[in-house]
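Descriptive structure summary
As a plain string of letters, each chain reads:
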Amino acid sequence: MTGRTVMIGSIVALASSLLLARAHPFGDARLDETPQQLQPIMQHASIPNAVRTTLESKCIDCHSIQPRLPFYARLAPISWLVERDIVEGRKAMNLSQWNSYSTDEQDAFREKILLETRSHKMPLPQYRLIHRGSIVTTPEIDAIARWVDDSSTPDPGTLNQEVSIAADAARGKDVFQHRCTGCHSLDQNREGPHLRGVYGREAGSVTGFDYSTALKQSHIHWDEHSLERWLTDPDAFVAGNNMDFHVVKPQERADVIAFLKTMP
Ligand code: HEC
Ligand code: HEC
């Protein structure tokens, strides 16, 4: 091929790609209608500036209503894939609509933001490939972890509050789904061991799961008392364990323990 045909070929490819960009086979993010100004996200939310900056620089392309997109995102077929991620991302969590989420939903999203960044599932790998430096760094993850911790700390009036109503397995199921399934499932080992039958089990005894030595050698028998201490502060209970998580509210601990008890 001569240089000239290659050049004509490229021009044709570019032109048809621009035309194809008008099609939306994987979902239409309505980029043409989005405001041309960067909209502030999470207005009125109490969020440390460092965390806001992380979310604004690394997440809002897919998790908010705003238009900042690189030029190649307007070329098919890249635009189709980018649009699909935006449509799906916004559906999963829209930071422009933070205030419309209930406090419980906001709690759950904060936890998920921590899980997704800590495990480097977010931002999506294909996005990190194009946006060099969009991987979330350890100091950023630490700041997110502090934000999650501070936000879920109950106010001083409720800090020493006892469990006010009887533990309830149905509510506990909700707690389990919101708080635990990021790492655990009932029947499969994931980042944490499977939890069906954990009540009454010896700590560290699921075969095929790679426990910390600390938990394996703890000789703990899981019952109401030990689960309560574990979920309150795993590090204080078993120093050197691998569960990087705790449940702040006594009522939620009681409820989730009641739920686990019903899963033999
Ligand atoms: C390239 C687009 C893109 C970017 C950038 C991106 N996400 Fe996502 N995100 C998605 C998509 C698509 C989904 C839904 C599908 C999935 O979970 O993989 C999602 C899902 C999520 C969820 C899960 C919500 C749920 O209900 O399970 C959280 C939390 C999240 N993203 C946080 C983040 C954070 C924090 C960042 C920035 C550090 C980020 N995302 C950057 C596309 C993106
Ligand atoms: C961030 C991930 C993560 C989350 C979220 C999490 N866990 Fe864990 N969990 C782990 C890991 C990892 C271990 C294994 C710890 C070790 O080996 O030291 C574990 C171990 C446990 C154990 C001990 C099981 C055994 O076989 O000895 C229990 C009980 C437990 N988790 C309960 C829960 C409950 C209940 C929740 C939700 C309220 C929860 N965890 C949320 C990661 C998590």
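Above this note sits the structure.
Read on for an overview of the structure.

1. Details of the overall build of the protein chain
From N to C terminus, the protein chain includes 13 helices and 0 strands. Starting at the N terminus and walking to the C terminus, you meet the elements of the protein chain as α-α-α-α-α-α-α-α-α-α-α-α-α. Only carbon and sulfur atoms are counted for the fraction: they give 57% of the accessible area of the protein chain, which is about 15,500 Å².

2. Description of the environment of Ser 212
In this structure, Ser 212 sits in the loop between α9 (169–180) and α10 (213–216). For Ser 212, a relative accessible area of 8% puts it in the buried group. With 28 residues separating them along the chain, Ser 212 and Gly 240 place their C-alpha atoms 7.4 Å apart. With residues near it in sequence (within four places) discarded, Ser 212 still touches Gly 240, Asn 241 and Asn 242.

3. A look at the environment of Glu 105
You can see Glu 105 is positioned in helix α5 (residues 103–118). A residue is classified by how much of its surface remains accessible, and Glu 105, at 38% relative accessible area, is partly exposed. Considering only alpha carbons, one finds Glu 105 and His 178, 73 residues apart in sequence, at a separation of 9.2 Å.

4. Some remarks on the nonpolar core
Note on soluble globular proteins: their nonpolar side chains tend to be buried together. One finds Phe 176, Leu 215, Trp 222, Trp 230, Leu 231 and Val 256 to be the most contacted residues of the largest nonpolar core, which totals 25 residues. Elements that contribute at least two residues to this core include exactly α9, α11 (224–232) and α13 (250–261). A per-element tally of this core places α13 first, with 4 residues. If near-sequence neighbours (up to four positions away) are discounted, Leu 231 is found in contact with Met 243, His 246, Val 247, Arg 253, Val 256 and Ile 257. In terms of nonpolar packing, the next biggest core, distinct from the first, is built from 22 residues, Ile 60, Ile 144, Trp 147 and Val 148 among them.

5. Concerning the site of ligand 1
Cys 59, Cys 62, His 63, Lys 112 and Met 122 are the nearest of the 18 residues found near ligand 1. Contact between ligand 1 and His 63: a nitrogen atom at 2.8 Å from a side-chain N or O atom of the residue. When contributions to the shell around ligand 1 are tallied by element, the ones reaching two or more residues are α3 (60–63), α4 (78–92) and α5. For the shell around ligand 1, the per-class residue count stands at 10 nonpolar, 3 polar and 5 charged.

6. Structural notes on the pattern of salt bridges
For side chains bearing opposite charge, pairing can occur when the charged atoms are close. Evaluation of the coordinates by the stated rule reveals 12 salt bridges. A salt bridge links Arg 118 to Asp 244; its shortest N-O distance comes to 3.5 Å. With Arg 118 in helix α5 and Asp 244 in the loop between α12 (234–237) and α13, this pair connects stretches of sequence that are 126 residues apart. The exposure class assigned to Asp 244 is exposed, which follows from its relative accessible area of 54%. Where Asp 255 meets Arg 171, a salt bridge forms, and the shortest distance between an N and an O atom there is 2.8 Å. Taken together, the residues span a long stretch of sequence, with Asp 255 in helix α13 and Arg 171 in helix α9 at a distance of 84 residues. Classification of Asp 255 by relative accessible area gives buried; the value is 3%.

The rules behind each value
- Residues numbered from 1 in each chain as written.
- Chains lettered and ligands numbered in written order.
- Predicted model: local features only at pLDDT ≥ 70, side-chain atom pairs only at ≥ 80, totals over all residues.
- Heavy atoms only, no water.
- Helix = DSSP H or I, 4+ residues; strand = E, 2+ residues; numbered from the N terminus.
- Areas by Shrake-Rupley, 256 points an atom, 1.4 Å probe, with all protein chains shown as cover.
- Buried < 20%, exposed > 50% of the residue type's maximum accessible area, 1.4 Å probe, protein only.
- Contact = heavy atoms within 4.5 Å.
- Core = buried A, V, L, I, M, F, W, Y, C linked by side-chain atoms within 4.5 Å.
- Near = heavy atom within 4 Å.
- Polar contact = N/O pair within 3.5 Å; in protein donor to acceptor, adjacent residues only side chain to side chain.
- Nonpolar A, V, L, I, M, F, W, Y, C, P; charged D, E, K, R; others polar.
- Salt bridge = Lys/Arg side-chain N within 4 Å of Asp/Glu carboxyl O.

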